[in-house]
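Fold and geometry: a report
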Amino acid sequence: MFGKRTHQGPSDAGASVRERPVEAKPEAPARPVASAPRAMLAEIETKVGRGSAPMPPAARPAGETQRNTGRRDDAFYERKSQVFAALIDTIDLSQLAAMDVESAREEIRDIVNDIIQIKNYAMTIAEQEDLLADICNDVLGYGPLEPLLMRDDIADIMVNGAKKTFIEVNGKVIETNVQFRDNQQLLNICQRIVSQVGRRVDETSPICDARLPDGSRVNVIAPPLALDGAALTIRKFKKDKLTLDQLVQFGSISPEGAAILQIIGRVRCNIVISGGTGSGKTTLLNCMTHYIDSDERIVTCEDSAELQLQQPHVVRLETRPPNIEGEGAITMRDLVKNCLRMRPERIVVGEVRGPEVFDLLQAMNTGHDGSMGTIHANSPRECLNRIESMIAMGGFALPSKTVKEIVCGSIDIIVQAARLRDGSRRITHITEVVGMEGDVIITQDLFVYDIKGEDANGRLIGKHRSTGIGRPKFWDKARYYGEEKRLAAALDASNEEAPEGSF
Ligand SMILES: Nc1ncnc2c1ncn2[C@@H]1O[C@H](COP(=O)(O)OP(=O)(O)OP(=O)(O)O)[C@@H](O)[C@H]1O
Ligand SMILES: [Mg+2]
């Protein structure tokens, strides 16, 4: 779940927050929420929302409108604005802030029902519930984002200004009907989200990366840098990480491919997992760490702690962004360098983005076999190029051939993950780095995914297969761990012609 809702004061269900009765002026013209109450609202949003968890499902709109990707009509927002204005006029916000969330919601429910009656709005029960949930979300929670934050099937939430919100579900990015009142409301909610972890986002510090208490990864970029209102991106944290068995069930990898991954994870190959954004790199890295023997000392370095290692002997490290004065940053390079003094047997780097790649390669080269990391690249070959350019950009004045030799001497296997155009995620290559020929690093694919076509529903049909290499370069490592028979069987079985369309 998203954050933790702490009770902010004594429960006072009996007390009323009404300051004055709801105005009985059904014909009163619509007016925007007054600026003074809005300022108070911002205050209450900060007070009540800090450390808050989402509303329970009971408060969800009965019509599940959040699943409907069509937009609500203007009349809904017009009506909501009127009810909201009347509510703000009626309640004492400071009292509401002192109440626990459940009681506050009950109060709001009563008053909103009264307002709807007095204003004589013709609404179905479902519409009323929808309106009520929206208003409660605005006053007590993360506003229009609440319903999305509660859904477990969403991988990413992407808000592009007040009027456009997209989500990724089952690998597909779709637009939702979620809208914010205006850019200020969106910015307030962004501020509330990041303030949970003591961060700030506003015009003076418009970029903010944060990891929430529940592990979700958040990035906000606010105006003036974002031209059309704040852009908020949330990678929701999944408590139940996918396992290799589940990846097999989803067809991301075949059982034989999964066996090869288990073996290379166990036998201390140095592994780089390569893939595009959201292709499943971290998920795969997490899966592969399951096969590390439990007596090995592992140090993990991440920008935002996502890995969940099961072994007993794990030290988890996380980078730190600079403070508001721009000081105090601890970079990934600092962490990886420090790791080397911690007597690790394996180093696992969540995402390699810069010069830390050099330190990781050095570690792989100097007795920390079995280290792993992920890199953003679209193919194994591009991954190698990226590594070389990251080293070049890190200011290491080394001849190109030396860099290639370091890369070649360090990395054993590149596993390529991809999100295909039908939204499915597949492991497309298990590739070995074999050696150098002249100035070129030579690789060989052990296992690949071939796309054969697409079915009537637009889903891609393909097949995982071994390329026929019976003795990979890491054979000796496999034999050292007694895994050579299993490796031979996996490579052999997946080399047989499988029926068309199977994974
Ligand atoms: N094989 C898979 N099948 C279905 N869903 C998957 C698969 N792999 C990952 N996912 C889901 O996709 C989302 C993104 O996965 P993950 O965080 O591993 O991607 P990533 O490549 O590390 O992303 P980023 O580039 O942002 O770091 C997660 O919600 C995850 O649960
Ligand atoms: Mg990742």
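What you see is a predicted model, and the numbers here were worked out from it, not measured in a lab.

Here the focus is the environment of Ala489. Tracing the chain through its elements places Ala489 in helix H16 (residues 484-493). Taking C-alpha positions, Ala489 is 8.2 Å from Glu256, a pair spaced 233 residues apart along the chain.

What the rule picks out here adds up to two aromatic pairs. Look at Phe358 and Phe396: their rings are 4.1 Å apart centre to centre, the planes differ by 25 degrees, and that puts the pair in the stacked class. Of this pair, Phe358 sits in helix H12 (residues 356-365) while Phe396 sits in the loop between helix H13 (380-393) and helix H14 (400-410); the two residues are 38 residues apart in sequence, bridging distant segments of the chain. Neither Phe358 nor Phe396 differs from the other in exposure class; each is buried. With centroids separated by 5.5 Å and ring planes inclined at 85 degrees, the aromatic side chains of Tyr480 and Tyr481 adopt a geometry described as edge-to-face. Residue classification places Tyr480 among the exposed positions, given a relative accessible area of 70%. Sitting over the face of the ring of Tyr121, Arg79 holds its NZ or CZ atom 5.0 Å from the ring centroid. Cation over ring: Arg181 sits above Phe84, and NZ or CZ is 5.1 Å from the ring centre.

This brings us to H14. Burial in H14 covers these residues: Val403, Lys404, Ile406, Val407, Cys408 and Ser410. The inward-facing, buried residues of H14 contact H12, H13, strand E13 (425-437) and strand E14 (440-454).

Here we take up the site of ligand 1. As a matter of local geometry, ligand 1 sits amid 18 residues, with Arg235, Ser252, Lys281, Thr282 and Thr283 nearest to it. A distance of 3.1 Å is found between an oxygen atom of ligand 1 and a backbone nitrogen or oxygen belonging to Gly278. With respect to ligand 1, the backbone of Gly280 contributes an N or O atom lying 3.0 Å from an oxygen atom. For ligand 1, the accessible surface in isolation is 630 Å², of which the surrounding protein chains cover 88%. Looking at the shell around ligand 1, the element that brings in the most residues is helix H10 (residues 281-289), giving three residues. In the shell around ligand 1, the residues fall into four nonpolar, eight polar and six charged.

How each quantity is defined
- Residues numbered from 1 in each chain as written.
- Chains lettered and ligands numbered in written order.
- Predicted model: local features only at pLDDT ≥ 70, side-chain atom pairs only at ≥ 80, totals over all residues.
- Heavy atoms only, no water.
- Helix = DSSP H or I, 4+ residues; strand = E, 2+ residues; numbered from the N terminus.
- Phe/Tyr/Trp six-rings, centres within 6.5 Å; stacked < 30°, edge-to-face > 60°.
- Buried < 20%, exposed > 50% of the residue type's maximum accessible area, 1.4 Å probe, protein only.
- Lys NZ or Arg CZ within 6 Å of the ring centre and 35° of its normal.
- Contact = heavy atoms within 4.5 Å.
- Near = heavy atom within 4 Å.
- Polar contact = N/O pair within 3.5 Å; in protein donor to acceptor, adjacent residues only side chain to side chain.
- Areas by Shrake-Rupley, 256 points an atom, 1.4 Å probe, with all protein chains shown as cover.
- Nonpolar A, V, L, I, M, F, W, Y, C, P; charged D, E, K, R; others polar.

Distances and angles like these do not, on their own, reveal function.
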